[in-house]
Amino acid sequence: MTTETGTIVNIDLKKIREDFPILKKQVNGKPLIYFDNGATAQKPKAVIEAITKYYSEQNSNIHRGVHTLSREITVEYEHAREKIQKHINARYVHEIIFTKGTTDGINLVAHCFGKLYIQEGDEILLTEMEHHSNIIPWQLLCEEKKAKLKVIPINDKGELILDELDQLISSKTKLIALTHISNTLGTINPVKAIVAKAHRKNIPVLVDGAQAIPHTKVDVRDLDCDFYVFSGHKVFGPTGVGILYGKEKWLNAFPPYQGGGGIIKTVTFEKTEYAESPLKFEAGTPHIEGGIGLAVALDYINEIGLEHIHIYETELLQYATNQLTAIPGLRIIGTAKEKASVISFIVEGIHPFDMGLILDKLGIAVRTGHHCTQPLMQHFGIPGTIRASFAFYNTKEEIDVFTEGIKKAISMLR
Ligand code: PLP
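The rules behind these values
Residues numbered from 1 in each chain as written. Predicted model: local features only at pLDDT ≥ 70, side-chain atom pairs only at ≥ 80, totals over all residues. Heavy atoms only, no water. Helix = DSSP H or I, 4+ residues; strand = E, 2+ residues; numbered from the N terminus. Rg over C-alpha atoms; globule rule 2.2 N^0.38 Å. Buried < 20%, exposed > 50% of the residue type's maximum accessible area, 1.4 Å probe, protein only. Contact = heavy atoms within 4.5 Å. Pairing = 2+ DSSP bridges. Axes fitted to C-alpha atoms, helices over the stretch in contact; angles between N-to-C directions. Near = heavy atom within 4 Å. Polar contact = N/O pair within 3.5 Å; in protein donor to acceptor, adjacent residues only side chain to side chain. Nonpolar A, V, L, I, M, F, W, Y, C, P; charged D, E, K, R; others polar. Salt bridge = Lys/Arg side-chain N within 4 Å of Asp/Glu carboxyl O. Expected span 1.5 Å × (residues − 1). Domains from an automatic or database assignment. Buried area = accessible area lost by both parts, 1.4 Å probe. Phe/Tyr/Trp six-rings, centres within 6.5 Å; stacked < 30°, edge-to-face > 60°.

Moving on, we come to the overall build of the protein. Within the protein, the regular secondary structure consists of 14 helices and 17 strands. The C-alpha atoms of the protein give 22 Å as radius of gyration, which agrees with the globular expectation for 414 residues (22 Å, within 12%). With respect to the principal axes defined by its C-alpha atoms, the protein has extents near 70 × 55 × 40 Å. Buried residues in the protein amount to 55% of all 414 residues. Within the protein, contacts between residues separated by at least 24 positions form 72% of all contacts whose residues are at least 6 apart in sequence.

Listed below in structure tokens is the structure:
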């Protein structure tokens, strides 16, 4: 298709929408309009089929069996790891750890990094726009070690105030953990510049990529971050699986996160010798079909091309922003210059929850509430927002229906 700016993008909407069976669904008698992609994205047939194939033809445990099924699925699972390594351009395959998701990856780093490097009085630097998943693990660590959390503030557009960074970093700062893209505001943070600044002071950086991975090309070597975490389910893959990328030097130094089968070289009652990364961090039977399904999801988006996805989603964002700003009493929360296809808004005199219920009656799925970013809500002095988050299978026609739905809800609720 050709965009309004004349750019040709490889988005064949008809075909793409055919690939996602759920998009044919009716909700409350209306065609489903799914604008809750920030919470979880829908799955293409290729991913659903890979999972079905695993259970109907391949089911067996990995890394342990000599029999054919086990050997074959081990190869496929490790091949999935390699695809993920290539997708984010990690240097080594052993820098790719399968986790349960973003939350699990952050907890792993907080636990292992904290155990080795955090002492009383040390500081960990976050930002005001973090998801609770990138706050609470650090808070728990700080409570345990008597360390301190510090926070990079944001301006009223929802951009980080980086002028304050120099002041916030001290000789006690041991780690910076920040989101690549805000799930609530859509702000794209200048992660590469922040990493460069942190590294000049020998401070490692963890990047929460939960919202970035479905929208942008992520190159961990270019970003030079120390850790990058994301979830499968937000990038059109299965739930219950995710990735922690960690630089080799950290993963070699870290102790295991959890004890269990699969992480060892030898075990006696006196002492256990551990395997190298990634197995050292993958105790127990993993989410085998999840890892395989995640690699299939990445293949799927790569076939469309992340640059095409970016152009198309930017156009959707622009279109929706124009439509929504024309509605009297509606205020968009998060107007950063660099933004992904996420729009949070409030409407004067209307509770987000009530708006969400009416939109649901019209078949429109949006997220309402604090989006697991309560400190951000405190910054804006609001209890919550209505959030529409778009994916490449969404359309301008859906945005038109959404806009009319908001207007209808306003007339009903006022
Ligand atoms: N970080 C961000 C920015 C998110 O948007 C989310 C989920 O919404 C998470 C972390 C947590 O992801 P998960 O629940 O998949 O672990």
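Moving on, there is more to tell.
Pairing within the open sheet is mixed, and its seven strands lie in the order β4-β10-β9-β8-β7-β5-β6. Edge strands, defined here as strands with exactly one partner in the open sheet, are β4 (96-99) and β6 (148-152). Put simply, the sheet's adjacent strands are angled 20° from each other on average, direction ignored. Pairing of strand β9 (residues 227-231) with strand β10 (residues 242-246) involves five bridges; the strand directions are antiparallel. The residue bridging Y228 from the neighbouring strand is Y245, located in β10.

With that settled, the discussion passes to the environment of V191. By the element assignment, V191 lies in helix α7 (residues 191-200). With relative accessibility at 1%, the residue V191 sits in the buried group.

Structurally, T102 can be placed in helix α4 (residues 102-117). Its relative accessible area of 5% is what places T102 among the buried residues. The residues contacting T102, other than those within four sequence positions of it, are D208, A210, V229, F230 and S231.

The immediate surroundings of the ligand are formed by T102, T103, H131, S133, T179, N183, D208, A210, Q211, S231, H233 and K234. Separating a nitrogen atom of the ligand from a side-chain N or O atom of D208 is a distance of 2.5 Å. S231 has a polar side-chain atom sitting 2.7 Å from an oxygen atom of the ligand. Looking at the shell around the ligand residue by residue, the class counts come to one nonpolar, nine polar and two charged.

In this section: the pattern of salt bridges. As enumerated under the stated definition, the model contains 16 salt bridges in all. Between R81 and E282 there is a salt bridge, and its shortest N-O distance comes to 2.8 Å. With R81 in helix α3 (residues 68-87) and E282 in the loop between β12 (272-274) and α10 (288-304), this residue pair connects regions lying 201 residues apart in the sequence. As far as the burial class goes, R81 and E282 line up, both buried. Of the charged contacts in the structure, one is a salt bridge between D299 and K83, with a shortest N-O distance of 2.6 Å. Separated by 216 residues along the polypeptide, D299 in helix α10 and K83 in helix α3 bring together distant segments of the chain.

Let us look at α3. Compared with the 28 Å implied by 1.5 Å per residue over 20 residues, the 29 Å span of α3 between its first and last C-alpha is a close match. Listed in full, the buried residues belonging to α3 are S70, I73, T74, Y77, A80, R81, I84, Q85 and H87. On its buried side, α3 packs onto α2 (45-58), β4, β9, β10, α10 and α11 (306-325).

Before going further, it helps to spend a moment on the pairing of β9. Here β9 lies mainly inside the structure; five of its five residues are buried. The alternating pattern of β9 places F227, V229 and S231 and Y228 and F230 on opposite faces, both of which are buried. Taken together, the three bridges between strand β8 (residues 205-208) and β9 define a ladder with parallel strand orientation. Its bridge partner being in β9, D208 is matched across the sheet by V229.

On to the domain arrangement of the protein, then. For the protein, the domain assignment lists domain 1 (13-31 + 305-413) and domain 2 (48-302). Look at where the C-alpha atoms of domain 1 and domain 2 centre, and you get two points 28 Å apart. If you look at the interface, domain 1 gives 35 residues, while domain 2 gives 31 residues. Looking only at domain 1, the three residues that lose the most surface to domain 2 are L306, L376 and H379, adding up to 23% of its buried area. For the interface between domain 1 and domain 2, the tally reads zero salt bridges. Between domain 1 and domain 2 we count 18 residue pairs in polar contact (both at pLDDT 80 or more) in total. Looking at the side of domain 1 that touches domain 2, the elements that each hand over two or more residues are α1 (13-19), α11, β14 (342-347) and α13 (374-380). A per-element tally of the side of domain 1 that touches domain 2 places α13 first, with six residues. Here the side of domain 1 that touches domain 2 is composed, by residue class, of 18 nonpolar, eleven polar and six charged.

This paragraph deals with the packing of aromatic side chains. According to the stated counting rule, one finds 19 aromatic pairs in the structure shown. With a centroid separation of 6.5 Å and an interplanar angle of 85°, the aromatic rings of F254 and F281 are classed as edge-to-face. Placement of F254 in the loop between α9 (248-253) and β11 (264-267) and of F281 in the loop between β12 and α10 is noted, with a sequence separation of 27 residues between them. Accessibility classification places F254 together with F281 in one group, the buried group. Among the aromatic residues, those joined into a ring-pair cluster are F113, Y117, F227, W250, F254 and F281.

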